[in-house]
Amino acid sequence: MTAMTTTTATNAPPLAEPEPEPGPGPKQGRPDPDHRVRRRRSLSPGKRIPAARLVGPALLVVLWAVASAAGALDPGAIPAPWTVVESGVQLWTDGTLPADILTSLQRAGTGFVLGLVAGIALALASGLSRTGEALIDGTVNLNRAIPTLGLIPLFILWLGIGETFKIAIIAIVVYIPIYLNTHAALSGIDSRFVELAEVQGLGRFRFIRQIVIPGALPGFFVGLRLGVTGSWLGLVVLEQINATSGLGYMMFQAQNYGQTDVILVGLVVYGIFGLISDSTVRVVERRVLSWRRTLSS
């Protein structure tokens, strides 16, 4: 009996190991990691295209050239691109265009620097102090509500009709967006960072350098771009008021003589300088704020 029992147990088939229960794979509802990655990447705008901002202006010039060649545009109202280029080359050769460009750059640069300094100083004074905010913020917003170009007659009476009032108007056009965006960025700094700085015992200078400046830089650069554009917009108007040189003066004189091509030369130069200055600010912004991970980067 013992041998039989042993033989039976030995000849019995081995017990099969239990098969693992099928888990919820990708088709049973479990999210596929690769699918999540692909889906997340599909929401991104993609890689940055080199010189992407030149595509739009280049397409506009191509359409302009095609319409001019097809005779769809009146040459007296909108000259062809090659006509504008010829006029620009002629103005550059006789020395008119370089002198006007230099004068315009000096006016815009001086007004921009003054507006930049004023905007930053007022934003810091208003954003870091309740007393400063009470004294400054309401006044700046009142100034913002008044059309800046509407101040031209008053500034002519105060400062005369020379260069001073032009530079002052440009400075006002520049400082308002810089102040508003920088002040908004300062006000938007998380209060937990302020509490952390107090716990760490940071002094006023280190607090401004390590907390305030990094937190306000994104808003400051937005205001800086608006200020750069505003300096050129104000300049084109101011140079047509009792000026004897500058791109605006050149365009005003061309209007009197019906020279549409010269007017377009001035507009093209304004556009080029505006695009270059805005692109320069963008490059500096990407370098300074390289620590950020945003949708555009």
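Below: a short report on this structure. Residue indices begin from 1 for each chain and proceed along its sequence in written order. Side-chain atom pairs in this predicted model are given and counted only at pLDDT of 80 or more, local residue features only at pLDDT of at least 70, and totals for whole chains, interfaces and linings cover all residues. Each side-chain value is worked out from all heavy atoms of the structure, with water and hydrogens disregarded.

Numbering of helices and strands runs from the N terminus, with a helix taken as a DSSP run of H or I at least four residues long and a strand as a DSSP run of E at least two residues long. If you tally the helices and strands in the chain, you get twelve helices and zero strands. The order of α-helices and β-strands along the chain, N terminus first, is α-α-α-α-α-α-α-α-α-α-α-α. Relative accessibility under 20% of the residue-type maximum defines a buried residue, over 50% an exposed one, and the middle range a partly exposed one, all with a 1.4 Å probe and only protein chains included. Within the chain, buried positions represent 31% of all 297 residues. Between two residues, a contact is recorded if the distance between any of their heavy atoms is within 4.5 Å. A separation of at least 24 residues holds for 69% of the contacts in the chain among residues at least 6 apart in sequence.

On to the environment of Leu 217, then. By the element assignment, Leu 217 lies in helix α10 (residues 204-238). C-alpha separation for the pair Leu 217 and Leu 186, spaced 31 residues apart in sequence, amounts to 9.0 Å. Ignoring sequence-local partners within four residues, the contact set of Leu 217 consists of Val 288 and Leu 289.

Where nonpolar side chains cluster on the molecular surface, the patch consists of Leu 59, Val 62, Leu 63 and Val 66 and spans about 380 Å² of accessible area. Along the chain, Val 62 falls in helix α3 (residues 55-69). Residue Val 62 is classed as partly exposed on the basis of its relative accessible area of 46%. The patches described consist of residues with a relative accessible area above 30% and no salt bridge, like charges being joined within 9 Å and nonpolar side chains (Val, Leu, Ile, Met, Phe, Trp, Tyr) within 5 Å. The accessible surface values rely on the Shrake-Rupley method and a 1.4 Å probe; as for residues, cover is taken only from the protein chains in view. Criterion for a salt bridge: a side-chain nitrogen of Lys or Arg within 4 Å of a carboxyl oxygen of Asp or Glu.

Before going further, it helps to examine the packing of helix α5 (residues 96-127) against helix α8 (residues 163-187). Lines are fitted to the C-alpha atoms to define the axes, a helix being fitted only along its stretch in contact, and any angle between axes, read from their N-to-C directions, falls within 0 to 180 degrees. For the pair α5 and α8, the least separation of the axes is 6 Å and the interaxial angle reads 35°. Taken as a pair, α5 and α8 cross one another with a handedness that is right-handed. Partitioned by chemical class, the residues of the contact of α5 with α8 number 17 nonpolar, eight polar and three charged. Rotating anticlockwise by less than a right angle from the far helix to the near helix defines a left-handed crossing, while the corresponding clockwise rotation defines a right-handed one. Ten residue types, Ala, Val, Leu, Ile, Met, Phe, Trp, Tyr, Cys and Pro, are classed as nonpolar, four, Asp, Glu, Lys and Arg, as charged, and the remainder, Gly among them, as polar.

Another aspect to go through is the side chain of Glu 239. Tracing the backbone through its elements, the reader meets Glu 239 in the loop between α10 and α11 (247-256). Of the residues examined, Glu 239 reaches a relative accessible area of 1% and is grouped as buried. Engagement of the side chain of Glu 239 in a polar contact is seen with the side chain of Arg 107, the distance being 3.0 Å. Residues within four places of Glu 239 in sequence aside, it is in contact with Ser 104, Arg 107, Gly 246, Leu 247, Gly 248, Tyr 249 and Tyr 270. Counting of polar contacts relies on pairs of N or O atoms within 3.5 Å, with two restrictions inside protein: one atom must be capable of donating a hydrogen and the other of accepting it, and residues adjacent in sequence are counted only when both atoms are side-chain atoms.

Below, the discussion takes up the packing of aromatic side chains. Where two aromatic rings form a pair, the distance of their centres and the angle of their planes describe that pair. Planes of paired rings set the category: under 30 degrees apart is stacked, over 60 is edge-to-face and the rest tilted, where pairs are Phe, Tyr or Trp rings (Trp by its six-membered ring) whose centres lie within 6.5 Å. In total, this model carries four aromatic pairs according to the counting rule given. Ring centres 6.3 Å apart and planes at 70° place the aromatic pair Trp 232 and Tyr 270 in the edge-to-face group. Separated by 38 residues along the polypeptide, Trp 232 in helix α10 and Tyr 270 in helix α12 (residues 260-288) bring together distant segments of the chain. Each member of the pair, Trp 232 as well as Tyr 270, is classed as buried.

So, about the nonpolar core. Looking at soluble globular proteins, one finds that nonpolar side chains tend to be buried together. Working definition of a nonpolar core: buried Ala, Val, Leu, Ile, Met, Phe, Trp, Tyr and Cys residues. They are joined through side-chain atoms within 4.5 Å. Among the nonpolar cores identified, the biggest contains 42 residues, and Leu 97, Ile 169, Phe 221, Leu 224, Leu 247 and Tyr 270 are the most heavily contacted of them. If we skip the residues at most four places from it in the chain, Ile 169 touches Thr 148, Leu 149, Leu 151, Ile 152, Phe 155 and Leu 238. Counting eight residues, the second-largest nonpolar core is a separate cluster that includes Ala 185, Ile 189, Ile 211 and Val 212.

Positive charges come from Lys and Arg alone, negative charges from Asp and Glu alone, with His and the N- and C-terminal ends not counted. Lys charges are placed at NZ, Arg charges at CZ, Asp charges at CG and Glu charges at CD. Residues Arg 48, Arg 53, Arg 286 and Arg 287 make up a contiguous surface patch of positive charge. Within the secondary structure, Arg 48 is located in the loop between α2 (33-42) and α3.

This paragraph deals with α12. Given a helix with a known number of residues, its expected span is that number minus one, times 1.5 Å. End to end, α12 covers 42 Å across 29 residues, agreeing with the expected 42 Å (1.5 Å per residue, within 8%). Taken together, the buried positions of α12 are occupied by Asp 261, Val 262, Leu 264, Val 265, Gly 266, Val 269, Tyr 270, Ser 277, Asp 278, Val 281 and Glu 285. Where α12 is buried, its residues meet α3, α4 (81-93), α5, α10 and α11.

Taken as a whole, this structure holds five salt bridges when the rule is applied. Put simply, Arg 107 and Glu 239 hold a salt bridge, and the shortest N to O gap is 3.0 Å. Note that Arg 107 is positioned in helix α5 and Glu 239 in the loop between α10 and α11, a separation of 132 residues in sequence. Assigned by exposure class, Arg 107 and Glu 239 land together as buried. Close ionic contact of Arg 282 with Asp 278 constitutes a salt bridge, the shortest N to O distance being 3.1 Å. Placement of the pair is Arg 282 and Asp 278 together in helix α12, with a separation of four residues, close to one helical turn.

Glancing now at the side chain of Asp 100. By the element assignment, Asp 100 lies in helix α5. We note that Asp 100 is buried and unpaired, the nearest opposite charge coming from Arg 107 at a distance of 7.5 Å. Ignoring any residue separated from it by four or fewer positions in sequence, one finds Asp 100 in contact with Ser 245, Gly 246, Leu 247 and Met 250.

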